[in-house]
Each structure stands twice: as C-alpha cells, then as structure tokens.
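# Fold and contact review
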Amino acid sequence: MDTNDSLRLASLWHSMHAISQQLSPTTGCAGIELLQADTFDLHCFQSLTGTKFFVVCELGTLHMEALLKVIYELYTDYVLKNPFYEIEMPIRCELFDLNLSQAIQKDRIALLGR
Amino acid sequence: MIGVGKIKQYSNVLDKPLSRGRQEVSLSAFAFLFSELVQYSQTQVDNIAELERRLEDAGYAVGARVLELLCHREKGNRRETRLLGILSFVHSTVWKVLFGKVADSLEKGTEHEDEYMISEKELLVNRFISIPKDMGAFNCGAFVAGIVRGVLDGAGFPAVVTAHFVPMEGQQRPRTTILIKFAEEVLRRESRLGG
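Being a predicted model, the structure only gives us computed values, none of them experimental. (Residues numbered from 1 in each chain as written. Chains lettered and ligands numbered in written order. Predicted model: local features only at pLDDT ≥ 70, side-chain atom pairs only at ≥ 80, totals over all residues. Heavy atoms only, no water.)

## Observations regarding the sheet that holds strand 1 (residues 34-36) of chain A
Residue and element names in this part refer to chain A.
- Strand order in the open sheet made by the three strands is 1-2-3, with antiparallel pairing throughout. The open sheet has two edge strands, strand 1 and strand 3 (52-57), and neither has a second partner. Neighbouring strand axes in the sheet, compared pairwise and without regard to direction, differ in orientation by 15 degrees on average.
- Relative to strand 2 (residues 41-46), strand 1 runs antiparallel, the two sharing three bridges. Its bridge partner lying in strand 2, Leu34 is registered against His43.
- Here helix 1 (residues 3-23) sits on the sheet in contact with strand 1, strand 2 and strand 3, set at roughly 105 degrees to strand 3.
- Relative to the sheet, helix 2 (residues 64-79) contacts strand 2 and strand 3, its axis offset from that of strand 3 by approximately 135 degrees. (Pairing = 2+ DSSP bridges. Helix = DSSP H or I, 4+ residues; strand = E, 2+ residues; numbered from the N terminus. Axes fitted to C-alpha atoms, helices over the stretch in contact; angles between N-to-C directions. Contact = heavy atoms within 4.5 Å.)

Below you can see the structure in the form of structure tokens.
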C-alpha cells in the first residue's frame, strides 16, 4: 500500500464514520467502532481530538481495542512530541514506525501463544 | 506541605540551605517544551547549521547556570580546576542532575589529544525525536552539547562541543556522542600543572 492508497482508504473511512454518526438512531453516537465484513474486521478508535486510528484484521481477532490504545500512545509519544512532524500530515517518523512494528510483532506473538 | 510541622526560622535568607528542588519533572512536559523550542528555532533560521547553533546557544545558557548551581550545592562552592576533574563532573554530577543518570561512557579521543567524548545510548532529548531524511546528520543533541559547552566555558575550559549520531553494531538506533574539543590554552595549562 503506498501513500496514495493510505490517503484514499483514510478519507473513505472518515466519511463513512461521519455518516454513521448522523445515521445512528441513538443520540451521542461517536461513530463506527467495529465493522464486520465477510472477509475482515475493521476496528476503529477515535481520540478526543478526532484523530481516528483503525486496524484491519482477520475475522474475530481479539484484543484489538487494546492494540489501538497502544498505537494511540505511540502516536502521542513519537509523533506529537516530534518537532519535525507537521500536524495533519502523513506520518514519517522513524521512531514511530519502529515502535509500531514492534508493538504489532509483540501482539502477534501474544496471539500465537494463546 | 505548607504549615505542617515546625520549620526552623532563619532570620536571613542567605543562611538558609539551598533547596535541592524537585528531583523529577514530567518527561512529557519536557518533551513538548523541547519540541516547541526546536520548532520555534526552526522558524528563525534558514539552514541546518544555524538551527544547530541556536539550539546550542539555548543550551549554553542552561549550562552556565547549572555549573553555578551545582558548584554551590554539591561541591561547597568549589569548582574543578583540572581537565579530568571537570570532565567527570560533567559526566556524572551534571548528567545525574539533568537526566537522572550518569552518562553511558566518557572516553578520550584516539586520534587527537584534545578530544574527549561523552556517549549516550539514548539521549533524553532525542527520546521521541525522529530526524527527517532531508536534514542529514542534524542532531537535537546540539542542545546538550550547548549545555556541556556552557559548563566547561564557565569553569574556565573553553571548548568546541558538538553532537553526532554514531551508528552502533547490532543496534537499530545510533547512539549520540558529544564530542568535546578543548582549546589549546586549556591543554597548555593542564601540562603546566602536571600530573
């Protein structure tokens, strides 16, 4: 997936998320948290500032909320505290990538162990 | 806590022992502040060398104050006058107060007599910072280099101090080395004072 694909996917998800908020029959709905498709699950976490993180995974993968929280923490540490990151721009931070792949690796090992 | 227990009354503020201050501050708060310092400096300069110099100047002011404070608080108003003394003062005392630990290593340069290196596997100021590829060898450790220069200069050891990334074998991340190159007069004085 290149940068353009990511941007396309993100903007698609952003609009769907926004529409779901308005369509929801309950008041105060924060948007889709889990989308279950035939071939994948999509978990979404929205931070207080409206930044959305989502992970696409195999059907029925557990503990994705926890993973999203970890990723959010990494984002606040290695992206927001980095003086060379411009807000709202694609993330190009070596430390973020490094720690992100480590977190996902760790998650995969934890899953295999279960 | 205010008003709890009996506090010894000093008639003169100068008789009071100097407070050790709070030993720890929030790393996040520091990281955001430092990030803002770098971002502000970036708006004031045209090139990377200038950015480095600005950060170093900001550090210099810290170093000059730290020297004054630590000589008074830790060393009973004495300061080191010998080369190795001041280097180990920077490596242990200063580092401990600023970063909560002594620096990973202090070495003498192999090629030049007047060069010393303080190395740190992960410098505190660089903990959250990724340098973009287009900035080349720029290192935010320039701020720490400035602190070291401030301490050394204040103690009468003028030196040129720079920060560099040094790749490490078997490590994903390079370490930061603070390179200290003393002025000629310092070495001349040192050899006059003898071993």
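On we go.
## A short note on the pattern of salt bridges
All names here are of chain B.
- Per the counting criterion, the structure on display carries 16 salt bridges over all chains.
- Ionic pairing is found between Glu190 and Arg82, a salt bridge with its closest N-O pair at 2.9 Å. Taken together, the residues span a long stretch of sequence, with Glu190 in helix 5 (residues 184-193) and Arg82 in the loop between helix 2 (48-73) and helix 3 (83-99) at a distance of 108 residues.
- Salt bridges sharing common partners tie together Arg53, Glu56, Asp57 and Arg149. (Salt bridge = Lys/Arg side-chain N within 4 Å of Asp/Glu carboxyl O.)

## Side note on the packing of aromatic side chains
- Taken as a whole, this structure holds twelve aromatic pairs over all chains when the rule is applied.
- Taken together, the aromatic side chains of Phe45, Phe53, Tyr72 and Tyr75 of chain A make up a single cluster linked through ring pairs.
- Here the basic side chain of Lys81 of chain A rests over the ring of Phe128 of chain B, its NZ or CZ set 4.4 Å away from the ring centre.
- Above the ring of Phe157 of chain B, the side-chain terminus of Arg189 of chain B is found at 4.8 Å from the ring centroid. (Phe/Tyr/Trp six-rings, centres within 6.5 Å; stacked < 30°, edge-to-face > 60°. Lys NZ or Arg CZ within 6 Å of the ring centre and 35° of its normal.)

## Concerning the nonpolar core
- Counting residues in hydrophobic clusters, the biggest one holds 45 residues, and the most contacted among them are Trp95, Leu152, Ile178, Ile180 and Phe182 of chain B.
- Those elements that place two or more of their residues in this core are helix 1 (27-43), helix 2, helix 3, strand 2 (115-120), helix 4 (142-154), strand 3 (159-166) and strand 4 (175-182) of chain B.
- Ranked by size, the runner-up nonpolar core spans 19 residues in total, among them Ile71, Val79 and Leu95 of chain A together with Ala31 of chain B. (Core = buried A, V, L, I, M, F, W, Y, C linked by side-chain atoms within 4.5 Å. Buried < 20%, exposed > 50% of the residue type's maximum accessible area, 1.4 Å probe, protein only.)

## A look at the interface of chain A and chain B
- At the interface, twelve residues of chain A touch 19 residues of chain B.
- Considering only the surface of chain A that becomes buried against chain B, Lys81, Pro83 and Phe84 of chain A emerge as the three largest contributors, covering 51% of it.
- Our count for the contact surface shared by chain A and chain B stands at one salt bridge.
- Between Glu94 of chain A and Arg173 of chain B there is a salt bridge; the shortest N-O distance is 3.6 Å.
- Viewed at the interface, chain B and chain A are joined by four residue pairs in polar contact (both at pLDDT 80 or more).
- Mapped onto the side of chain A that touches chain B, the elements with two or more residues apiece are helix 2 and helix 3 (94-113) of chain A.
- In terms of residue count, the dominant contributor to the side of chain A that touches chain B is helix 3 of chain A (four residues). (Buried area = accessible area lost by both parts, 1.4 Å probe. Polar contact = N/O pair within 3.5 Å; in protein donor to acceptor, adjacent residues only side chain to side chain.)

## Some details on the sheet that holds strand 3 of chain B
Residue and element names in this part refer to chain B.
- Here we have four strands laid out as an open sheet, ordered 1-2-4-3, and antiparallel in their pairing. If you trace the sheet from one side to the other, it starts and ends with strand 1 (105-108) and strand 3, each paired once. Strand-to-strand twist in this sheet, taken as the mean axis angle between neighbours without regard to direction, amounts to 20 degrees.
- Summarising the sheet, strand 2 and strand 4 pair through six bridges and their orientation is antiparallel. Looking across to strand 4, one finds that Glu120 is bridged to Thr176.

## Here's the deal with helix 2 of chain A
- Between its terminal C-alpha atoms helix 2 of chain A stretches 21 Å, which fits the 22 Å expected from 16 residues at 1.5 Å a residue.
- The complete set of buried residues in helix 2 of chain A reads Met64, Leu67, Leu68, Ile71, Leu74, Tyr75, Asp77, Tyr78 and Val79 of chain A. (Expected span 1.5 Å × (residues − 1).)

## Structural notes on the packing of helix 2 of chain B against helix 4 of chain B
Residues and elements named next belong to chain B.
- Contact pair helix 2 / helix 4: the axes reach a minimum separation of 6 Å and the direction vectors enclose 45 degrees. The orientation of helix 2 with respect to helix 4, classified from their angle, is oblique. Of the two elements, helix 2 crosses helix 4, and the hand of that crossing is right-handed. Facing Glu52, Leu55, Glu56, Asp57, Ala58, Gly59, Tyr60, Val62, Gly63, Ala64 and Leu67 of helix 2, the residues of helix 4 in contact are Ala142, Phe143, Ala145, Gly146, Ile147, Arg149, Gly150, Val151, Asp153 and Gly154. (Parallel < 35°, antiparallel > 145°, perpendicular 65-115°, else oblique. Left-handed = near helix turned anticlockwise from the far one by under 90°.)

## Some words on the pairing of strand 1 of chain B
- Where strand 1 of chain B lies against strand 2 of chain B, four bridges are found, and the strand directions are antiparallel. Considered in strand 2 of chain B, the bridge of Leu106 of chain B is made with Ile118 of chain B.

## Structural notes on helix 4 of chain B
Residue and element names in this part refer to chain B.
- Taking 1.5 Å per residue as the helical rise, helix 4 with its 13 residues ought to reach 18 Å, and the 18 Å between its terminal C-alpha atoms agrees with that figure.
- Buried residues of helix 4: Ala142, Phe143, Val144, Ala145, Gly146, Ile147, Val148, Gly150, Val151 and Leu152, and no others.
- On its buried face, helix 4 sits against helix 1, helix 2, helix 3, strand 3 and strand 4.
- Looking one or two residues past helix 4, Gly156 carries a phi angle of roughly 90 degrees, positive in sign.

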